[in-house]
Amino acid sequence: MEDVFDTTGRPPKGWMHAIFHGGPYGEDVGRCIPGPPAPELLAVPLAEGGVHTYRLWTVGSWSDPEDPIAVYNPDGPPVPPPPLTAQEKKWLRDGRQRDGLEPVRLDAVVSGGRGKWDPDAPTIEAMLAGLRHREYLLLQRLTDHDEGDWYLQVLFDEDDTYEVVHQAGTAAEREGTRSASQAAVRDAVLRWAAEQPTWRTALEWPKPGDES
């Protein structure tokens, strides 16, 4: 990749800012990459030979939506998309209210920041089916800011199993399970999104007292 840096606050046309965690670019400030959109993978040649692979974690902005910043992690444990913060949820609610639109009830996003607001069942099913190894699907309820970050998170692991994590309100209410059945995971995800109380029965969850 061509070495392009920006110290003016605005990258050249066809480039965007990026932050790298670890690896050969870990200490770089002002480095730019081609985009947007930001590449999912970046392979960086190493001086001693071989390459170092970075995976896109998320795309955000410090202050200017017109200046997106790609955040990359070194090739290691996959990182889930971050849930919306309380401030981000407030901005979303206020913006929808100004536009005369109904509040967003559900946010769905996969690794790399490709997301949908209030997706229907076929859209959620397609997002789940489209997961590649090491990618996540995150579903977050936005119905009441006092409820905490209620979410359901699915990782498609490299052994073709799905790790499903559910959190209801606080970290103490976080639990996880694993399944090799895409059909069972799809059933649980779709029921959860539709707020059906039977969603848990589609998967086997640890019993109280079991080690996680």
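Throughout what follows, the structure given in this document is the object of discussion. Values in this document were obtained by computation on a predicted structure and should not be read as measured data.

So, about the overall build of the chain. Along the chain, the regular secondary structure elements total three helices and 11 strands. Traced from its N-terminal end to its C-terminal end, the chain shows the element sequence β-β-β-β-β-α-β-β-α-β-β-β-β-α. Counting over 212 residues, the chain shows a buried share of 39%. In the chain, of all internal contacts separated by at least 6 residues, the share reaching a separation of at least 24 is 44%. With an accessible surface of roughly 12200 Å², the chain has 52% of that area assigned to carbon and sulfur atoms. Here the chain holds 21 positive side-chain charges and 36 negative ones, and the gap between their average locations is 4 Å.

As enumerated under the stated definition, the model contains six aromatic pairs in all. Taking the centre distance of 4.8 Å and the plane angle of 25° together, the rings of F156 and Y162 count as stacked. Accessibility expressed as a relative area gives 12% for F156, which makes it buried. Look at Y162 and you get buried, because its relative accessible area is 4%.

A word on the sheet that holds strand β1 (residues 15–20). One open sheet holds the five strands; their spatial order is β2-β1-β5-β4-β3, and the pairing between them is mixed. A single partner strand is all that each edge strand has here, and the edge strands are β2 (32–34) and β3 (41–45). Averaged over neighbouring strand pairs, the angle between their axes works out to 45° when direction is ignored. Looking at chain direction, β1 and β2 are connected through three bridges and run antiparallel. Looking at the pairing, M16 lines up with I33 of β2.

This next bit is on helix α1 (residues 86–98). The α-helix winds at 3.6 residues per turn, so residues separated by three or four positions along the chain end up facing the same way. Here α1 spans 18 Å end to end across 13 residues, near enough to the 18 Å set by a 1.5 Å rise per residue. All of the buried residues along α1 are K89, L92, G95 and R96. All buried residues of α1 fall inside an arc of 130° around its axis, so they share one side. Among the exposed residues of α1, those pointing more than 90 degrees away from its buried face are A86, W91, Q97 and R98. Those residues of α1 hidden inside the fold are in contact with β7 (114–117) and β8 (135–141). Immediately downstream of α1, the backbone of G100 shows phi near 70°, a positive value.

A separate point is the packing of helix α2 (residues 121–129) against helix α3 (residues 182–193). Across the interface, α2 lies against α3 with an axial gap of 10 Å and an inter-helix angle of 140°. The angle between α2 and α3 places the two elements in the oblique class. Crossing of α2 against α3: the hand is right-handed. Seen from α2, the contacting residues are A121, I124, E125, L128 and A129; seen from α3, they are Q182, V185, R186, V189, L190 and A193. Of the residues that constitute the contact of α2 with α3, the class distribution is eight nonpolar, one polar and two charged.

Procedures and definitions
Residues numbered from 1 in each chain as written. Predicted model: local features only at pLDDT ≥ 70, side-chain atom pairs only at ≥ 80, totals over all residues. Heavy atoms only, no water. Helix = DSSP H or I, 4+ residues; strand = E, 2+ residues; numbered from the N terminus. Buried < 20%, exposed > 50% of the residue type's maximum accessible area, 1.4 Å probe, protein only. Contact = heavy atoms within 4.5 Å. Areas by Shrake-Rupley, 256 points an atom, 1.4 Å probe, with all protein chains shown as cover. Lys, Arg positive; Asp, Glu negative; His and termini not counted. Charge placed at Lys NZ, Arg CZ, Asp CG, Glu CD. Phe/Tyr/Trp six-rings, centres within 6.5 Å; stacked < 30°, edge-to-face > 60°. Pairing = 2+ DSSP bridges. Axes fitted to C-alpha atoms, helices over the stretch in contact; angles between N-to-C directions. Expected span 1.5 Å × (residues − 1). Arc of directions from axis to C-beta. Parallel < 35°, antiparallel > 145°, perpendicular 65-115°, else oblique. Left-handed = near helix turned anticlockwise from the far one by under 90°. Nonpolar A, V, L, I, M, F, W, Y, C, P; charged D, E, K, R; others polar.

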